[in-house]
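# Observations on chain architecture
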Amino acid sequence: MEVSSKAINGINQDAIGGTVVAIQENPAIAHFEFRATNTWMGGAHTRSYVQGFYGAGQEDTSRAAPFIYDHDEPPVLLGSNNGANPGEVLLYGLLSCMTTAMIILATARGIELKAVSSKIEGDVDLRGFLGLDPSVKKEFSQIRVTFDIDGVDEATKMELITLAKQSPVFNSLINPVDVQVDLA
């Protein structure tokens, strides 16, 4: 017997359904632990490595080599532009996660899209980071995300924005997260 596989938005809709059923039957496989390491390269330049993670009940070994990301600051912030700064990394991580969440969850619902593009902007006041004014937040004071969605009506676009807000990165930013910091 042939198993059907229906692709919507470039994603196998049957595979999404299979994942949901597997998690319903064994909730333990829904636990994932993502990891990264970072090394200071000099100045404001750091390098991050992302390779292994734990998910679906096992250590993942599908990545033969790590993804390597260089981070730095622009010269106005005492760097040499060897990569995006960490604030920009956070912003594009949020934007990527929201877009991916939207596409995967839309596919699960059978919503076919023609195109999705997005942009993100974030405001930060360095007086907080530098300790110059204790009344100024150290974090972003506001982040603005804008989606341009083609191929669906306005009501569906609003549904898709709701789906994008199911992003784990979005929810990590809008809800308190227990972040532990220690020495190795």
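These lines cover the structure that appears in this document, whether it is placed above or below. (Residues numbered from 1 in each chain as written. Predicted model: local features only at pLDDT ≥ 70, side-chain atom pairs only at ≥ 80, totals over all residues. Heavy atoms only, no water.)

### Thoughts on a nonpolar patch on the surface
As a reminder of what qualifies: Exposure above 30% relative accessible area and no salt bridge define the residues that can form patches, which grow by joining like charges within 9 Å and nonpolar side chains of Val, Leu, Ile, Met, Phe, Trp and Tyr within 5 Å. Where accessible areas are quoted, they stem from the Shrake-Rupley method and a 1.4 Å probe; at the residue level, only the protein chains shown are allowed to cover. The term salt bridge refers to a side-chain nitrogen of Lys or Arg lying within 4 Å of a carboxyl oxygen of Asp or Glu. Secondary structure follows DSSP: runs of H or I at least 4 residues long count as helices, runs of E at least 2 residues long count as strands, and numbering of each begins at the N terminus. Only protein chains enter the accessibility calculation, which uses a 1.4 Å probe; a residue whose area is less than 20% of its type maximum is buried, one above 50% is exposed, and one in between is partly exposed.
Side chains of Val76, Leu77, Val124, Leu126, Phe129, Leu130 and Leu132 sit close together on the surface and give an oily, nonpolar patch of about 720 Å² of accessible area. Structurally, Val124 can be placed in the loop between β9 (115-123) and α3 (126-129). Take Val124: its relative accessible area is 45%, and that puts it in the partly exposed class.

### Some thoughts on the packing of helix α2 (residues 86-108) against helix α4 (residues 154-164)
The line we're drawing: In this analysis an axis means a line fitted to C-alpha atoms, helices contributing only their contacting stretch, and an angle means the value between N-to-C directions, from 0 to 180 degrees. Roughly parallel refers to an angle under 35 degrees, roughly antiparallel to one over 145, roughly perpendicular to one between 65 and 115, and oblique to any angle outside these ranges. Throughout, a crossing is termed right-handed when the near helix is turned clockwise from the far one, and left-handed when it is turned anticlockwise from it by less than a right angle. What makes two residues a contact is simply this: any of their non-hydrogen atoms within 4.5 Å. Ten residues, namely Ala, Val, Leu, Ile, Met, Phe, Trp, Tyr, Cys and Pro, are considered nonpolar, four, namely Asp, Glu, Lys and Arg, are considered charged, and the remaining ones, Gly among them, are considered polar.
For the pair α2 and α4, interaxial distance at closest approach is 7 Å and the crossing angle is 120 degrees. Classified by the angle between their axes, α2 and α4 sit oblique to one another. Here the hand of the crossing between α2 and α4 comes out right-handed. Between α2, through Met98, Ala101, Met102, Leu105 and Ala106, and α4, the contact on the second element is made entirely by Leu160, Ile161, Leu163 and Ala164. Of the residues that constitute the contact of α2 with α4, the class distribution is 9 nonpolar, no polar and no charged.

### Structural notes on α2
So the rule is basically this: The span you would expect from a helix comes to 1.5 Å times its residue count less one. Whenever a nitrogen or oxygen atom comes within 3.5 Å of another N or O atom, the pair is scored as a polar contact, on the condition that within protein one atom can donate a hydrogen and the other can accept it, and that pairs from neighbouring residues in sequence are kept only if both atoms are in side chains.
With 23 residues, α2 should reach 33 Å at 1.5 Å per residue; the first-to-last C-alpha distance of 32 Å fits that figure. Those residues of α2 that sit buried are Leu91, Leu94, Leu95, Cys97, Met98, Thr99, Ala101, Met102, Ile103, Ala106 and Thr107. Sitting at the amino-terminal end of α2 is Asn85, which places a side-chain oxygen 2.9 Å from the backbone nitrogen of Gly87. Once α2 finishes, Gly110 follows within two positions and takes phi at roughly 80 degrees, a positive value.

### Some details on the sheet that holds strand β5 (residues 45-50)
Note the following rule: Strand pairing is assigned whenever DSSP detects at least two bridges linking the two strands.
Spatially, 3 strands are ordered β4-β5-β8 in an open sheet, and the strand pairing comes out antiparallel. The two strands at the open ends of the sheet, each matched to only one other strand, are β4 (37-42) and β8 (67-71). On average, adjacent strands in this sheet sit at an angle of 20 degrees to one another, irrespective of strand direction. Looking at chain direction, β4 and β5 are connected through 5 bridges and run antiparallel. For Trp40, the partnering residue across the bridge sits in β5 and is Thr46.

### Things to note about the packing of aromatic side chains
Applied cut-off: Geometry of aromatic contacts follows a simple scheme: Phe, Tyr and Trp rings, the Trp one being its six-membered ring, pair when their centres are within 6.5 Å, and the pair is stacked under 30 degrees between planes, edge-to-face over 60, tilted otherwise.
Evaluation of the coordinates by the stated rule reveals 3 aromatic pairs. Relative to Phe53, the ring of Phe32 lies with its centre 6.1 Å away and its plane at 20 degrees, an arrangement referred to as stacked. Remark: Phe53 occurs in strand β6 (residues 53-55) and Phe32 occurs in the loop between α1 (13-25) and β3 (33-34); sequence separation between them is 21 residues. Judged by relative accessible area, Phe32 falls into the partly exposed class, the value being 38%. Arranged with centres 5.4 Å apart and planes meeting at 35 degrees, the rings of Phe34 and Phe53 form a pair that is tilted. Of this pair, Phe34 sits in strand β3 while Phe53 sits in strand β6, placing them 19 residues apart in sequence.

### Concerning the sheet that holds β6
In spatial order, the strands read β3-β6-β7; together these 3 strands make up an open sheet with antiparallel pairing. In this open sheet, the two strands that pair with only one neighbour each are β3 and β7 (58-59). Note that β6 and β7 share 2 bridges and pair antiparallel. For Tyr54, the partnering residue across the bridge sits in β7 and is Glu59.

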